[in-house]
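Chain by chain, the residues:
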Amino acid sequence: MESESTIWIGVVVLAFVLGAALVWLMTRRRRSRHLRERFGPEYDRTLEHAGSRSRAEEELQHREVRVRTFDIRPLLPEDRGRF
């Protein structure tokens, strides 16, 4: 009886670990897709420069966060003509 409960506990733990790994992989894949769509060719350049996907994606996420702090407003029509 004791070995049967140990087996069930092991099965539950294994299922939990596999589920967590699956969620992690799906999240990572979604993040990569988002960054690739958002940055386009810059994604590839950053990946080449950083040397690893995780470092490149971390850099791109940092850029996204930094840009959100900017106060970006549309130009007035008269200013648009000048620029």
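Read on for a plain summary of the structure.

Thresholds applied
- Residues numbered from 1 in each chain as written.
- Predicted model: local features only at pLDDT ≥ 70, side-chain atom pairs only at ≥ 80, totals over all residues.
- Heavy atoms only, no water.
- Helix = DSSP H or I, 4+ residues; strand = E, 2+ residues; numbered from the N terminus.
- Buried < 20%, exposed > 50% of the residue type's maximum accessible area, 1.4 Å probe, protein only.
- Contact = heavy atoms within 4.5 Å.
- Arc of directions from axis to C-beta.
- Expected span 1.5 Å × (residues − 1).
- Phe/Tyr/Trp six-rings, centres within 6.5 Å; stacked < 30°, edge-to-face > 60°.
- Lys NZ or Arg CZ within 6 Å of the ring centre and 35° of its normal.

**Some details on the overall build of the protein chain**
Phase 1: Within the protein chain one finds four helices and zero strands.
Phase 2: If you line up the protein chain on its principal axes, its C-alpha atoms span 85 × 30 × 15 Å.
Phase 3: Here the protein chain holds 83 residues, and 13% of them are scored as buried.
Phase 4: When contacts within the protein chain are restricted to residue pairs at least 6 apart in sequence, those whose partners lie at least 24 apart make up 38%.

**Regarding helix α2 (residues 41–50)**
Phase 1: Turning to α2, its buried residues are Y43, T46 and A50. Each buried residue of α2 lies within a common arc of 70° when the element is viewed along its axis, so the set occupies one face. Looking at α2, the residues exposed on the side facing more than 90 degrees away from the buried face are P41, E48 and H49.
Phase 2: Tucked into the core, α2 has its buried residues touching α1 (2–39) and α3 (53–68).

**A look at α1**
Phase 1: Taking 1.5 Å of rise per residue, the 38 residues of α1 would be expected to cover 56 Å, and the 55 Å separating its terminal C-alpha atoms lies within 8% of that figure.
Phase 2: Within the sequence span of α1, burial applies to S32, L35 and F39.
Phase 3: Along its buried surface, α1 packs onto α2 and α3.
Phase 4: G40 sits one or two positions beyond α1 and adopts a positive phi of about 55°.

**Thoughts on the environment of E59**
Phase 1: Counting through the fold element by element, E59 comes out in helix α3.
Phase 2: Among the residues examined, E59 registers a relative accessible area of 34% and is labelled partly exposed.
Phase 3: For the pair E59 and T46, spaced 13 residues apart in sequence, the C-alpha separation works out to 8.0 Å.

**Looking at the packing of aromatic side chains**
Phase 1: In total, this model carries zero aromatic pairs according to the counting rule given.
Phase 2: Stacked on the ring of F39, the Lys or Arg R38 has its end atom at 5.6 Å from the ring centre.

**Side note on the side chain of T46**
Phase 1: Within the secondary structure, T46 is located in helix α2.
Phase 2: Setting aside residues no more than four positions away along its own chain, T46 makes contact with A56, E59, L60 and R63.

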